[in-house]
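What the coordinates show
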Amino acid sequence: MKIDRRYIFVFIAIAIILPTIFEVRMKIDISEPVKKIFDRIESLKPGTVVVISNDYDPAAKAELYPMTLAIMRHCFRKNLRVLALNLWPQGAGLVRMALDISGKEYKKENGVDYVFLGYKPGGGVVIIGMGQNLLGTFPKDADGKPLAEMPLIKETGLKSLKDVPLVIDIAAGTPGIDSWVIYGRDQYGFDLAAGCTGVMATDYYPYLNSGQLVGLMGGLKGAAEYETLIERADEATRNMSPQSFSHLVIIAFVILGNIALIVEKSKKKRRS
Amino acid sequence: MAEVAEKKSSSGFLVLIVLLGLFALVNIYLFASGKLPSNFEGIGIMIAAGMSLAIYSFLYRDNPIYKLAEHIYIGMSVGYIVVYDYYNALKPNLLDKLFFPPPSETYELWLIIPLFLGALMFFRFSPKYAWVSRWSFAFIVGYGSGMAIPRGVKTSILMQIEATLRPINFTDASGAFNFDAISTLIAIVGILAVLIYFFFSLEHKGPLKVVSRVGVWFLMIAFGAQFGYTVMARMSLLIERVRFLLGKWLNIL
């Protein structure tokens, strides 16, 4: 028995388009690894610097951009200061957009409440450099302004990653979470939280179990959970219902496929 | 046979023309009705919608429009990376410091070494002298291994072993049963069973066969979880595009 795969695509398209048009909403349960990131940010005192490394490109925007935006909103709501950077070149525009949106919402000022360091090539080397001498690695921000003259640096006395209590890495590959664990967290002692694409999520549960990650957001579900936690439903929350319906279609096809397999096998047995 | 193929390709060409015409008509309507702004943003949305549809046309069958969109995407990505890397890495970190330092700073002549090693990489384009680029690769492999191996062993092996060997607490601080202990026990059984499955020095017979079988089950569950997450990831990408097409392009949402 064979079904043209294009029928499956049609069903998937229907399962996604209808809930998107009719804005079907579903309850989002919070998982422990996501709650832990929220709790860690909540535990920080106002004015503390949080580093957000965005190591992804527009291909992963659907899953990771909502995480970046939700984390930035949470940090600004808590009056934390944000130091954002990219280890991937193509993601710079998305990070700037997220900083602009969240910064405007909470009336935060560039250079005072947040700094965008931009992209620096080198992955692990950049992290080691930031751990030893932040201003040496990033003498200027993404707009070419000297970092040493910025109020965020002057007022906090930030010199390296050793002065940062929490780094959040939102990544779609390498350099990414592995690099931050290997070259950053285990060398300089800060807490590391991570967000990653769904494909990568299972790879990072061992780090969660060993305490090398304080929390983990996996894929769109992780982003939607974080939006729920900060009570700011946005793109990820809206996209969860078409996500659930498309999963139901896939589950139905998996069941159908297995039934067909069993029926075919029993037919063959009977014939022989 | 050749006749059937020719018929198929001409009907495919016709479908292509009809779809392109439909796309053009929809955009004319969207611009005329003001649903798409008549500026660069509107044109950008139209191009993005066209590219998305062109890529998704592969779901029906491989076609020239898909190929065109694919090549444009690759070309744009490479072009963006080259320009971005030049202005954010090569120029400020190498060229400006080496050749055009600000009046208050001196020429950083030591940068000639990385410039020289970097330039050697271009010998990859010459089959005759490609071996010269190995000097640069030797440098990269040497520093890369030195940097990664000790840290990688500590982080990915020793700390993972430590986490596995930690004593299991069956009760929490209040004296109640700690349900996390069950997860830890399952993880330990899984690790041991999978390790035994990959232990090939002894034939998997008797108890070893049973344990390795358990290892296979753990692996299957792990693959299943990974597949589930992969499905979720791919659907997320599709949903984002559908939302873009219905919302920003067609203005239905």
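Definitions and limits used
Residues numbered from 1 in each chain as written. Chains lettered and ligands numbered in written order. Predicted model: local features only at pLDDT ≥ 70, side-chain atom pairs only at ≥ 80, totals over all residues. Heavy atoms only, no water. Helix = DSSP H or I, 4+ residues; strand = E, 2+ residues; numbered from the N terminus. Buried < 20%, exposed > 50% of the residue type's maximum accessible area, 1.4 Å probe, protein only. Contact = heavy atoms within 4.5 Å. Buried area = accessible area lost by both parts, 1.4 Å probe. Salt bridge = Lys/Arg side-chain N within 4 Å of Asp/Glu carboxyl O. Patch = residues over 30% accessible without salt bridge, like charges linked within 9 Å, V, L, I, M, F, W, Y side chains within 5 Å. Areas by Shrake-Rupley, 256 points an atom, 1.4 Å probe, with all protein chains shown as cover. Core = buried A, V, L, I, M, F, W, Y, C linked by side-chain atoms within 4.5 Å. Polar contact = N/O pair within 3.5 Å; in protein donor to acceptor, adjacent residues only side chain to side chain. pLDDT = per-residue confidence, 0-100. Expected span 1.5 Å × (residues − 1). Bend = angle between axes of the 7 residues up to and from the residue. Pairing = 2+ DSSP bridges. Right-handed = clockwise from strand over helix to strand, strands pointing away. Lys, Arg positive; Asp, Glu negative; His and termini not counted. Charge placed at Lys NZ, Arg CZ, Asp CG, Glu CD. Domains from an automatic or database assignment. Axes fitted to C-alpha atoms, helices over the stretch in contact; angles between N-to-C directions.

One can expect most non-glycine residues to show negative phi and most peptide bonds to be in trans. For the bond from A:T174 to A:P175, the omega torsion is -5°, close enough to zero to count as cis. Of note, A:P175 is situated in the loop between β4 (166–171) and α8 (177–188). Of note in this structure, A:K107 is not a glycine but carries a positive phi near 55°. In this structure, A:K107 sits in the loop between α4 (92–105) and β3 (114–119). Even without a glycine there, the phi angle at B:N251 is positive, about 60°. Here B:N251 shows up in the segment after α7 (206–249). What makes B:N251 partly exposed here is its relative accessible area of 34%.

Between chain B and chain A, the contact holds 41 residues from the first and 51 residues from the second. When the two sides are added together, the surface that chain B and chain A hide from each other amounts to roughly 4100 Å², 62% of it contributed by carbon and sulfur. If you sort the residues of chain B by the area they bury against chain A, B:Y229, B:I239 and B:R243 come out on top, with a joint share of 16%. Along the contact surface separating chain B from chain A lie two salt bridges.

Quick look at a nonpolar patch on the surface now. Taken together, A:V10, A:I14, A:I17, A:L18, A:I21, A:F22, A:V24, A:M26, B:I252 and B:L253 make up a surface patch of nonpolar side chains, about 830 Å² in accessible area. Within the secondary structure, A:L18 is located in helix α1 (residues 5–21).

This brings us to the nonpolar core. One finds A:I41, A:I71, A:L99 and A:Y226 to be the most contacted residues of the largest nonpolar core, which totals 44 residues. No other element matches the nine residues that helix α3 (residues 61–77) of chain A contributes to this core. Those residues in contact with A:Y226 that sit more than four places away from it in its chain are A:V34, A:I37, A:F38, A:I41, A:A70, A:I71, A:H74 and A:M217. In this structure, A:L158, A:V167, A:L216 and B:M147 belong to the second largest nonpolar core, which totals 41 residues.

Turning our eyes to something else, we now look at the environment of A:T48. Residue and element names in this part refer to chain A. Structurally, T48 is set in the loop between α2 (32–42) and β1 (49–55). The buried category is assigned to T48, whose relative accessible area is 18%. Counting along the chain gives 102 residues from T48 to M150, while the straight-line C-alpha distance between them is 15 Å. At 2.5 Å, the side chain of T48 forms a polar contact with the backbone oxygen of K45.

Residues and elements named next belong to chain A. With respect to burial, α8 is a largely interior element, nine of its 12 residues being buried. Of all the positions in α8, only I177, S179, W180, V181, I182, Y183, G184, D186 and Y188 are classed as buried. Backbone geometry just downstream of α8 places G189 in the positive-phi region, at approximately 80°.

Residues and elements named next belong to chain B. Taken residue by residue, chain B gives an average pLDDT of 91. The fraction at 70 or more is 97%. Put simply, helix α1 (residues 2–32) is where chain B has its lowest mean pLDDT, 84, and helix α2 (residues 40–56) is where it has its highest, 96. Both confidence scores are given for the complex: pTM 0.90, ipTM 0.89.

Another point: helix α12 (residues 235–271) of chain A. One full turn of an α-helix is made of 3.6 residues, so residues set three or four places apart face in the same direction. Over its 37 residues, α12(A) extends 54 Å from the first C-alpha to the last, a length consistent with the 54 Å expected when each residue adds 1.5 Å. In the structure, α12(A) departs most strongly from a straight axis at A:S241, where the bend amounts to approximately 30° and where the proline A:P242 lies between one and four residues downstream.

Regular strands place their side chains on alternate faces of the sheet. All names here are of chain A. Among the six residues in strand β5 (residues 191–196), five count as buried, and that is most of the element. Examined bridge by bridge, β4 and β5 share six bridges and lie parallel to one another. If you follow V167 over to β5, its bridge partner there is L192. For the handedness criterion, the β-α-β arrangement of β4, α8 and β5 is classed as right-handed. Pairing geometry for β5 and strand β6 (residues 215–218), over four bridges, is parallel. Bridge assignment links A194 to a residue of β6, and that residue is L216.

Looking now at a positive patch on the surface. All names here are of chain A. A surface patch of positive charge is lined by K265, K267, K268, K269, R270 and R271. Mapped onto the elements of the fold, K267 is located in helix α12. In this structure K267 comes out as partly exposed when scored by relative accessible area, which is 44%.

The next subject is the domain arrangement of chain B. Residue and element names in this part refer to chain B. With domains assigned, chain B is organised as domain 1 (2–99), domain 2 (109–161) and domain 3 (178–249). Of the residues lining the interface, five residues belong to domain 1; the matching set on domain 2 comes to four residues. For the pairing of domain 1 and domain 2, the buried interface totals around 370 Å² over both sides, and the portion due to carbon and sulfur atoms is 91%. Contact with domain 2 buries area across many residues of domain 1, yet L94, K97 and L98 alone supply 85% of it, more than any other trio. On inspection of domain 1 and its partner domain 2, the count reaches zero salt bridges. At the junction of domain 1 and domain 2, the tally comes to zero residue pairs in polar contact (both at pLDDT 80 or more).

What follows concerns the sheet that holds strand β2 (residues 81–86) of chain A. Residue and element names in this part refer to chain A. Taken together, six strands build an open sheet; the order of strands is β3-β2-β1-β4-β5-β6 and the sheet is parallel. Strands at the two margins of the open sheet, each flanked by one partner only, are β3 and β6. Strand after strand, the sheet turns through a mean of 15° between neighbouring axes, direction not considered. With six bridges joining them, β1 and β4 adopt parallel strand pairing. Directly across from S53, in β4, lies its bridge partner D169. Sheet contacts for α2: β4, β5 and β6; angle to β6, the most-contacted strand, approximately 125°. Running over the sheet, α8 touches β1, β2, β4 and β5 and is turned about 170° from β5.

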